[in-house]
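Letter by letter, the chains look like this.
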Amino acid sequence: MEKYDVKFKKKFGQNFLKDITIVKRIVNTCDIDSNSLVIEVGPGGAIMTRELAQVAKQVLAYEIDQDLTDELAKRLDGFNNVDVLFQDFLDSNLALDVKNYEFDKLFFVSNVPYYITTPIIIKLITSKLKFNKIVMMVQKEVGDRFTTSPGSRDYGSITVLLNYFYDIKKEFFVSRKNFVPEPKVDSLIVSFTEKENKLPLKNFDFFEQLLKDSFQFKRKTIRNNLKKYDLKIVESVLCDFGYDLNVRAEMLDVEVFVKLANELWK
């Protein structure tokens, strides 16, 4: 078990993995090879970073906590293929940073801070980089939400958004007991593989907003949640799929929302 001599900061969501067997299992979910660049957010105690560096050509890690500078330097001593940028990943110019490297495959593998899980995924989507695979450790309830189906109480706007872009898979469960300090929740390893044949979408920002509006009040119908839109168009699209304006958003799959967005976009 890994031991850490650091001061953990709750504001950064710092919970470090201590079981190397879990780390190896995470790395093995990807086909990382010597021509791969791997992006990691929150290397923390570098337990994952070191494993990634042993199989990848290069690892680019983003760490917001500058107090970890010396600790990471010590733990990554001898790993010449790791670059650590001490900055907020959400403020980075990811596409520009990646241009500094030559690689054949691109991966994102990270035990991300739970409080910024969704913003990190949106960052990856909007970067327009082509990832061979994204593998993230997320809070179990969040992982369930990402992978659920229409009709489930966990089904929401983020479910639809992510399933538009990715085939999403639950890889395995990780108990809270495998972290230090021990968090209050269990975790899931979830992988995202970009869909090869995505449905045509006219405007991503409009699609994202439409999803938020559709699910703003989960127990209300589409008629109520989308009343600021052209309901004649909404009704026509829903009719094409066998629904009416009294349906709730949680019953509609990705294809319905894509067509709604495309038909409503001006």
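Undergrad: Just checking my understanding: could you explain helix 5 (residues 117-127) for this structure?
TA: Given 3.6 residues to a turn, an α-helix orients residues that are three or four positions apart in the same direction. Counting buried residues along helix 5, eight of its 11 residues qualify, which places the element largely inside the surrounding structure. Within the sequence span of helix 5, burial applies to T117, I120, I121, I122, K123, L124, I125 and S127. Within two residues after helix 5, K128 carries a phi angle of roughly 65°, on the positive side.

Undergrad: Teacher, can you tell me more about the sheet that holds strand 2 (residues 36-41) here?
TA: Strands in a sheet are paired, the pairing made by backbone hydrogen bonds, and the direction either parallel or antiparallel. One open sheet holds the seven strands; their spatial order is 4-3-2-5-6-9-7, and the pairing between them is mixed. Of all the strands in the sheet, just strand 4 (82-85) and strand 7 (166-174) have a single pairing partner and so form its edges. The mean inter-strand angle of the sheet, taken between neighbouring strand axes irrespective of direction, is 20°. Bridge count between strand 2 and strand 5 (residues 105-111): four bridges; the pairing is parallel. Considered in strand 5, the bridge of S36 is made with K105. Against the sheet, helix 1 (residues 20-27) makes contact with strand 5, strand 6 (133-139), strand 7 and strand 9 (187-194), and its axis sits at roughly 165° relative to strand 7, the strand it touches most.

Undergrad: Looking at this structure, I do not really get the pattern of salt bridges. What am I missing?
TA: Where charged atoms from two side chains of opposite charge approach closely, those side chains can pair. All told, the structure shown has 15 salt bridges when counted by the stated rule. For D144, the salt bridge goes to K170, with nearest N and O atoms at 2.7 Å. Taken as a pair, D144 in helix 6 (residues 140-147) and K170 in strand 7 lie far apart in primary sequence, 26 residues in all. Residue class for D144 comes out buried when judged on its relative accessible area of 15%. With a shortest N-O distance of 3.0 Å, E194 and K198 are connected by a salt bridge. Each member of the salt-bridge network shares a partner with another, and the members are K130, E194, E196 and K198.

Undergrad: Help me understand the packing of aromatic side chains, please; the structure alone is not making it clear to me.
TA: Taken as a whole and assessed by the stated rule, the structure comprises 12 aromatic pairs. Seen from their ring centres, Y62 and F89 are 5.0 Å apart, and the 70° between their planes marks the pair as edge-to-face. A residue pair is termed long-range when its members are at least 10 positions apart, and Y62 in strand 3 (residues 58-62) and F89 in the loop between strand 4 and helix 4 (94-98) qualify at 27 residues. Put simply, the rings of F146, Y164, F165, Y166, F192, F204 and F207 pair up and form one aromatic cluster. Its end group placed over the ring of F172, R25 keeps NZ or CZ at 3.9 Å from the ring centre. Geometry around F217 places K220 over its ring, the cationic atom sitting 4.9 Å from the centre.

Undergrad: Sorry if this is basic, but what is going on with the environment of D104 here?
TA: Of note, D104 is situated in the loop between helix 4 and strand 5. Remark: the alpha-carbon pair of D104 and S34, spanning 70 residues in sequence, is separated by 9.1 Å. Residue contacts for D104: discarding those within four places in its chain leaves N35 and N132.

Undergrad: What should I look at first to understand the environment of F86 in this one?
TA: Inspection of the secondary structure assignment puts F86 in the loop between strand 4 and helix 4. Residues F86 and G42 lie 44 residues apart in sequence; the distance between their C-alpha atoms is 9.7 Å. Those residues in contact with F86 that sit more than four places away from it in its chain are E63, D65, Q66, L68, T69 and L72.

Undergrad: Is there a simple way to think about the confidence of the model for the protein in this case?
TA: Averaged over all residues, the pLDDT of the protein equals 90, while 93% of them reach at least 70. Long-range and interchain partners of residues 8-14, a stretch whose pLDDT sits below 50, account for 19 contacts in this model, where long-range means more than four residues apart.

Undergrad: Looking at this model, I keep getting lost on the nonpolar core. Mind explaining?
TA: Soluble globular proteins tend to bury their nonpolar side chains together. F108 and F192 are the most contacted members of the largest nonpolar core, which totals 60 residues. A total of seven residues in this core trace back to one element, the largest contributor, which is helix 11 (residues 254-264). In this structure, F108 is in contact with I39, V41, F89, I120, L124, F131, K133, I134, V135 and M136, ignoring residues within four places of it in sequence. In this structure, L17, V27, I47 and L72 belong to the second largest nonpolar core, which totals 27 residues.

Rules used in this analysis
- Residues numbered from 1 in each chain as written.
- Predicted model: local features only at pLDDT ≥ 70, side-chain atom pairs only at ≥ 80, totals over all residues.
- Heavy atoms only, no water.
- Buried < 20%, exposed > 50% of the residue type's maximum accessible area, 1.4 Å probe, protein only.
- Helix = DSSP H or I, 4+ residues; strand = E, 2+ residues; numbered from the N terminus.
- Pairing = 2+ DSSP bridges.
- Axes fitted to C-alpha atoms, helices over the stretch in contact; angles between N-to-C directions.
- Contact = heavy atoms within 4.5 Å.
- Salt bridge = Lys/Arg side-chain N within 4 Å of Asp/Glu carboxyl O.
- Phe/Tyr/Trp six-rings, centres within 6.5 Å; stacked < 30°, edge-to-face > 60°.
- Lys NZ or Arg CZ within 6 Å of the ring centre and 35° of its normal.
- pLDDT = per-residue confidence, 0-100.
- Core = buried A, V, L, I, M, F, W, Y, C linked by side-chain atoms within 4.5 Å.

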